[in-house]
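# Structural features, examined
One-letter residues, chain by chain:
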Amino acid sequence: MTHPQVDLAELELSELEAALEARAVERFHARQLYRWIYRHGVTDIDRMSDLGRTLRETLKSEFVIGMPCTVGDERSIDGTRKLLLELADGKRIEAVFIPDTPATAPRYTFCISTQVGCAMSCGFCLTGKMGLVRNLTAGEIAGQVRVLAAATGLLDYPFNIVLMGMGEPLHNYDQTMKALRMLHSEHGLAVSPRRVTLSTVGIVPGLERLAREPLMPNLAISLHATTDEQRTALVPPNRKYPLAAILEVCRRFPLKKRSRITFEYVLLDGVNDTPEDARRLVKLLADVKAKVNLIPLNPAPGIPFERPSDERVDRFAQILADRHITVSVRKSRGRDIRAACGQLIVEGGTKKSAAQQMALLMR
Ligand code: SAH
């Protein structure tokens with residue numbers, strides 16, 4: 001009797017061990033497979049040279065190893081690289097490589113997606129215009145890291161991961177956390193959770209679950225406004241999970257020593273970037289272990305907001321700094337290839353949003 005082949009890229013190490021055992025294959029081979037898939041970026045079982053021939057034949061008849069297929073690779077003048085990846089069902093997502101080369105050691109960041117599209121519909125974000133097409137599987141989420149690490153020659157080099165591509169990670173909680181466990185395995189890429197940042201609009205039940213995770217990434221909250229009225233207008237999930245509820249979970253969130261929650265704040269010219277906004281933000285964060293990352297808007301056609309001047313950005317930042325809040329201004333990377341925050345959008349959304357997208361692209 002034939003049965004569908006199992007995709008090894010969708011399995012955590014413990015699941016892979018169980019899958020091997022169920023097929024009378026010794027479980028220690030799972031570690032070898034993990035090493036090939038994650039550390040060497042190999043998907044062809046025949047290339048796994050430390051597995052015997054008979055074993056390889058057995059594995060080939062039972063398993064496949066999925067990998068997102070790179071169908072586009074754009075490079076920005078600043079070194080940022082945006083990969084367009086096609087999944088098994090033809091859906092497409094984007095994943096971004098962001099190199100940073102300060103005088104000290106270079107730092108590399110992979111920005112990956114957790115969903116095709118996004119259901120949050122934040123007013124300033126292009127991905128939000130697509131609507132949600134579907135959740136990514138854990139294998140597809142971790143697969144972006146496998147592809148990026150191989151494409152950039154970083155399979156053996158420490159890199160950071162930010163879950164800041166397309167999608168809302170806490171809206172696809174189980175697959176996102178499973179992907180992080182897969183990436184964390186010491187037999188694979190051994191990514192430390194300290195190198196991972198999960199960015200969310202603040203879905204309260206998801207935050208409460210996250211607070212109990214054994215494998216805890218750094219947390220970033222997309223705040224963007226200081227009153228519920230304004231935040232609901234910009235970030236619609238705020239209607240259900242208002243500021244007070246989010247900040248309450250943040251106050252109780254179990255943080256490691258010296259670590260803090262990052263609050264992201266998109267600056268929209270004349271909308272949420274006034275000195276009053278800055279002072280309200282200081283008050284809101286008064287008893288939270290917080291740092292603030294200001295993101296001057298990356299404008300796009302169809303987005304009804306403007307990027308504030310550098311002076312306005314500096315003035316906002318200064319008010320926070322004067323009140324002893326650690327504040328940074330996010331450099332926009334890869335804007336020339338539409339790889340910056342909120343600029344990730346691909347074809348293949350819902351019918352309605354496809355039409356919307358066309359309208360956006362034609363302008
Ligand atoms: N859904 C998650 C992660 C995706 S976006 C979240 O909302 O946190 C990562 C960050 O980019 C978020 O803070 C998001 O609000 C911000 N962003 C979205 N559109 C943007 C734009 N046009 N310009 C600047 N930042 C944007």
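Residues numbered from 1 in each chain as written. Predicted model: local features only at pLDDT ≥ 70, side-chain atom pairs only at ≥ 80, totals over all residues. Heavy atoms only, no water.

### Observations concerning the site of the ligand
Rules: A single heavy atom is enough: if one lies within 4 Å of a molecule or strand, its residue is considered near that molecule or strand. Counted as a polar contact is a pair of N or O atoms within 3.5 Å, where, for protein atoms, one must be capable of donating a hydrogen and the other of accepting one, and residues adjacent in sequence contribute only when both atoms are in side chains. Only DSSP runs of H or I covering at least 4 residues are called helices, and only runs of E covering at least 2 are called strands; the numbering of each starts at the N terminus. Charged means Asp, Glu, Lys or Arg here, nonpolar means Ala, Val, Leu, Ile, Met, Phe, Trp, Tyr, Cys or Pro, and polar covers whatever is left, Gly included.
The ligand sits among 19 residues. The nearest are Phe124, Ser199, Ser222, His224 and Asn298. For the ligand, an oxygen atom lies 2.6 Å from a polar atom in the side chain of Ser222. Within the backbone of Asn298, an N or O atom sits 2.9 Å from a nitrogen atom of the ligand. Elements with a contribution of two residues or more to the shell around the ligand: strand S10 (196-200) and strand S12 (261-267). For the shell around the ligand, the residue count by class is nine nonpolar, eight polar and two charged.

### Focus: the domain arrangement of the protein
Heads up, the condition is: How far each domain reaches was decided by an automatic or database domain assignment. Two residues qualify as a contact provided that any one of their heavy atoms is within 4.5 Å of a heavy atom in the partner residue. Buried area: the accessible area, evaluated with a 1.4 Å probe, that two parts lose upon being put together, summed over both parts. Any Lys or Arg side-chain nitrogen located within 4 Å of an Asp or Glu carboxyl oxygen qualifies as a salt bridge.
Examined at the domain level, the protein breaks down into domain 1 (6-64) and domain 2 (69-361). Relative to domain 2, the C-alpha centre of domain 1 lies at a distance of 33 Å. On the domain 2 side, the residues contacting the 15 residues of domain 1 number 15 residues. With both chains or domains summed, domain 1 and domain 2 bury close to 1,400 Å², and 52% of this area falls on carbon and sulfur atoms. Sorting the residues of domain 1 by area buried against domain 2 places Glu10, Tyr38 and Arg39 first, and these three jointly supply 48% of that buried surface. Taken together, domain 1 and domain 2 are joined by two salt bridges. Inspection of the domain 1/domain 2 interface yields eight residue pairs in polar contact (both at pLDDT 80 or more). Every element with two or more residues in the side of domain 1 that touches domain 2 is listed here: helix H1 (13-22) and helix H2 (29-39). For the side of domain 1 that touches domain 2, the element with the most residues is H2, which contributes six residues. Across the side of domain 1 that touches domain 2, the residue classes tally to six nonpolar, three polar and six charged.

### A short note on the packing of helix H10 (residues 275-284) against helix H11 (residues 310-322)
Selection rule: Lines fitted to the C-alpha atoms define the axes, with helices restricted to the stretch that makes contact. Angles between their N-to-C directions range from 0 to 180 degrees. Should an angle lie under 35 degrees it is considered roughly parallel, over 145 roughly antiparallel, and from 65 to 115 roughly perpendicular; all remaining angles are considered oblique. A crossing counts as left-handed when the near helix is turned anticlockwise from the far one by less than a right angle, and as right-handed when that turn is clockwise.
Orientation of H10 relative to H11, taken along the N-to-C sense of each, is 30 degrees, at an axis distance of 9 Å. Here H10 lies roughly parallel to H11, going by the angle between them. In terms of crossing hand, the pair formed by H10 and H11 is right-handed. Within the contact between the two elements, H10 uses Pro275, Asp277, Ala278, Arg279, Leu281 and Val282 and H11 uses Arg315, Phe316, Ile319 and Leu320. By residue class, the composition of the contact of H10 with H11 is seven nonpolar, no polar and three charged.

### Side note on the nonpolar core
Put simply, the test is: Side-chain atoms within 4.5 Å link the members of a nonpolar core, which is a set of buried Ala, Val, Leu, Ile, Met, Phe, Trp, Tyr and Cys residues. Note on exposure labels: buried denotes an accessible area under 20% of the residue type's maximum, exposed denotes more than 50%, and partly exposed covers the range between, all computed with a 1.4 Å probe on protein chains only.
Phe124, Phe159 and Phe263 are the most contacted members of the largest nonpolar core, which totals 116 residues. Here this core takes seven residues from helix H5 (residues 138-151), the largest share from any one element. There are two domains that each give this core at least three residues, and those are domain 1 (6-64) and domain 2 (69-361).

### A word on the state of the cysteines
Our working rule: Working definition: a disulfide is two cysteine sulfur atoms within 2.5 Å of each other.
For the structure on display, the rule yields zero disulfides. Looking at Cys250, it has no disulfide partner, and the nearest cysteine sulfur is the one in Cys122, 16 Å off. Given the relative accessible area of 3%, Cys250 is considered buried.

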